[in-house]
Amino acid sequence: MTLLNNIRPLIADYVTYHAEQTPNHEAVVFGDQRLTYAELEAQICHCAKALLAQGVKKGDRVAVLCTSRPEYWITFLATTRIGAIWLGLNPKYRLQEIRYVIEDAKPRLLLAMAEFEGQAYTDIINKLQQDYSFIEQVVSLTTLMPGTQSFGDFLRAGAAVSDDALAQRQASIDPMDPALLVYTSGSTGKPKGALLSHHGLCFGSSVGCEHMDLQQPRAICNFPINHVACVADTCCVNLVAGGTLVFQERFDPALVLLTIGQERLTLLGGVPTMLLLLLDHPDFEQTDFSSLELIGWGGAALPVPIIKRLQKLAPRLINVYGMTETAANTTYTSADADLEELSETIGRPSPHMPCRIVNSDGNLCNVGEHGELQFKGDYLLLEYLNRPEATRDVYTNDGWLH
């Protein structure tokens, strides 16, 4: 049975499934820390109960200021498991950027790390607590910050919540309920909060798994957690496939190259700039690429000479395209794509994701005519938070996403 014939209702259901089927398989690697699927499932349940103990209700927003590390992934899956909506905040955000998102999303709970690479967040957290009464609690994910609750105390409070209470909440969630809030600027204007559903993440990730055709992939996640490339394209796809996520807090070419060999990665992905930095790094020649089965990229084109170098590292290459609003990649190059297809195209639309190209009059384009890509399906964004007009305008009258 293919993954598309067995789509789970909620994205966190995949952890439960893999914890039952392959409980001892590695789910998460972070430095010396390793979690099996059984251990990940236990931690998610623990965190979900803590969120319930905190009073988080269906539809409430939970914001997380963190790097790409296990705490991000566990809080995301726990938040979505109880029907709340998870929002990632980039540690590189300046105060005014965080303010903008916080004011718009109005999270009930904020979980934050204390510092990263010399940048402390204590002052930012204090200002947010002072200015926004809708933030009922701030939890310190790492070192305890003044005026906040420790992550340990937060989790311990969940012990008062029963398994039945968690199960009842889970049973109340619909696959079309929102799970993830991602702020995206699109091409113009201020960032808008795109609400993505459980179904969008589950379906889109299942489509991605089918096209990538990897069994239990081992891959790095070092994208910022506020980006759909991190949560959906990397982590959710890996989860649906029952793979292993190797978290790294930022992109470090030397560390990535070392990890490829040490962790026997099977999938290497990123934007073209990341791949170029790996190819140009002094450690490149000493790297063991023998475990790689697939290299993928998206977001920009790669020139033919670079693609030829990548072909020497892995038996398959793939170029993809997607948007925040599509909750997934929507076009993929062929499994046997030649240099022209890889360098000059974004492949073809997935057969599971209806696509059309229309001109300025809204008519289908002829071959060779420039136009706009549009997609259709129940996996697309539910709405832009607090922006009914923008939600209306992003869809055509007959339901195609601009």
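Here we summarise the structure given alongside this text.

The rules behind each value
Residues numbered from 1 in each chain as written. Predicted model: local features only at pLDDT ≥ 70, side-chain atom pairs only at ≥ 80, totals over all residues. Heavy atoms only, no water. Pairing = 2+ DSSP bridges. Helix = DSSP H or I, 4+ residues; strand = E, 2+ residues; numbered from the N terminus. Disulfide = S-S within 2.5 Å. Expected span 1.5 Å × (residues − 1). Buried < 20%, exposed > 50% of the residue type's maximum accessible area, 1.4 Å probe, protein only. Contact = heavy atoms within 4.5 Å. Axes fitted to C-alpha atoms, helices over the stretch in contact; angles between N-to-C directions.

**Details of the sheet that holds strand β17 (residues 328-332)**
Taking strand neighbours across the sheet as the criterion, the five strands line up as β14-β15-β16-β17-β18 in an open arrangement whose pairing is mixed. Of all the strands in the sheet, just β14 (267-270) and β18 (348-349) have a single pairing partner and so form its edges. With five bridges connecting them, strand β15 (residues 294-298) and strand β16 (residues 316-323) associate as parallel partners. Among the inter-strand pairings, Gly296 is bridged to a residue of β16, identified as Ile318.

**Describing the state of the cysteines**
Under the definition given, this model contains zero disulfides. No disulfide involves Cys45; its nearest neighbouring cysteine sulfur is the one of Cys47, lying 10 Å away. Cysteine Cys202 is unpaired, with the sulfur of Cys236 as its nearest cysteine sulfur at 7.6 Å.

**Re helix α2 (residues 37-53)**
Spanning 17 residues, α2 covers 24 Å between terminal C-alpha atoms, matching the ideal 24 Å at 1.5 Å per step. Within α2, burial applies to Tyr37, Leu40, Glu41, Ile44, Cys47, Ala48, Lys49, Ala50, Leu51 and Leu52. Gly55 lies just past α2 and shows a positive phi near 90°.

**Observations concerning the sheet that holds strand β4 (residues 85-89)**
Across a sheet, strands are paired by hydrogen bonds formed along the backbone, either parallel or antiparallel in direction. Spatial ordering of the open sheet is given by β9-β8-β5-β3-β4-β10-β11-β21, a layout of eight strands whose pairing is mixed. The sheet terminates laterally at β9 (149-150) and β21 (383-384), the two strands that pair on one side only. As paired strands, strand β5 (residues 109-112) and strand β8 (residues 137-140) are joined by four bridges and run parallel to one another. Note on β8: the bridge partner recorded for Leu111 is Val139. Along the sheet, helix α8 (residues 198-212) makes contact with β10 (178-184) and β11 (192-197), crossing β11 at roughly 70°.

Take it as geometry only, folks, not as evidence of what the structure does.
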